[in-house]
Amino acid sequence: MVESTPAGRAGDGRVPLSGALREPGPVSVAALRSMPQREVTVTFECRTSGLRRHHFSGPLLLDVLQRAGPRFDAGGRKDRLRFLVSVLGRDGHRAVLSWGEIDPEFGDTAALLAVSMDRRDLDEEGPHLVVPGDRCGGRHISRVAEIKVCADDPLWP
């Protein structure tokens, strides 16, 4: 497992992937750029800063995680539904998504690990988690420091 100190992490452009994965380890911004890119324009209605609109591009979070090999029975549709994805930003902000939310057979939310924002590269800053359709952008994580995949097994004794 890759250890990190998210709040104080340097902007080295690498994000640790850990947890219930066959191939955990860091993924670089360069590796994210080499994957198929999606583009999305999102509008967030923030309570404190009002309406904000941004254009993002990057690979689907699902594609990144599938490359790391999640530890579930790929043939068993329901087995995927017990997995959670926790995304932590360098500022300590965290969001949790369910696998079913981003899986095309279920929620099909096109969550991105954005490598550019408003046509500006995020190489120095690191990728952002973008969840299109979120009204207030609370699950927008800038400067992603770590992504963990876990099964719900510890939740149910």
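Here the structure is a predicted model, which means the values were calculated and not measured.

Whenever I open this one, unusual backbone geometry confuses me. Can you help?
For residues other than glycine, phi is negative in most cases, and the peptide bonds are mostly trans. Positive phi is not limited to glycine here, since Asp-118 has a value of about 55 degrees. With respect to the helices, strands and loops of the structure, Asp-118 is situated in the loop between strand S8 (116-117) and strand S9 (120-121). One non-glycine residue, Arg-143, adopts positive backbone phi at about 50 degrees. By secondary structure assignment, the location of Arg-143 is in the loop between strand S10 (128-130) and strand S11 (144-151). Judged by its relative accessible area of 33%, Arg-143 falls in the partly exposed class.

Whenever I open this one, the sheet that holds strand S2 (residues 25-28) confuses me. Can you help?
Strand pairing in a sheet takes place through backbone hydrogen bonds and is either antiparallel or parallel in direction. The five strands lie next to each other as S2-S1-S11-S5-S6, forming an open sheet whose pairing is mixed. Every interior strand has two partners, whereas the edge strands, S2 and strand S6 (94-98), have only one. Neighbour-to-neighbour, the strand axes of the sheet open up by a mean angle of 20 degrees, direction not taken into account. With three bridges connecting them, strand S1 (residues 14-19) and S11 associate as parallel partners. Across the sheet, residue Gly-19 finds its bridge partner in S11, namely Val-149. Running over the sheet, helix H2 (residues 61-68) touches S1, strand S5 (83-89) and S11 and is turned about 65 degrees from S11.

What should I look at first to understand the sheet that holds S9 in this one?
The sheet built from four strands is open, its strands ordered S3-S4-S8-S9 with antiparallel pairing. Here the strands that pair on one side only, and so sit at the sheet edges, are strand S3 (38-46) and S9. In this sheet, S9 lies alongside S8 in antiparallel orientation, the contact comprising two bridges. Pairing of Met-117 across the sheet is with Arg-120, part of S9.

Parameters and conventions
- Residues numbered from 1 in each chain as written.
- Predicted model: local features only at pLDDT ≥ 70, side-chain atom pairs only at ≥ 80, totals over all residues.
- Heavy atoms only, no water.
- Helix = DSSP H or I, 4+ residues; strand = E, 2+ residues; numbered from the N terminus.
- Buried < 20%, exposed > 50% of the residue type's maximum accessible area, 1.4 Å probe, protein only.
- Pairing = 2+ DSSP bridges.
- Axes fitted to C-alpha atoms, helices over the stretch in contact; angles between N-to-C directions.
- Contact = heavy atoms within 4.5 Å.

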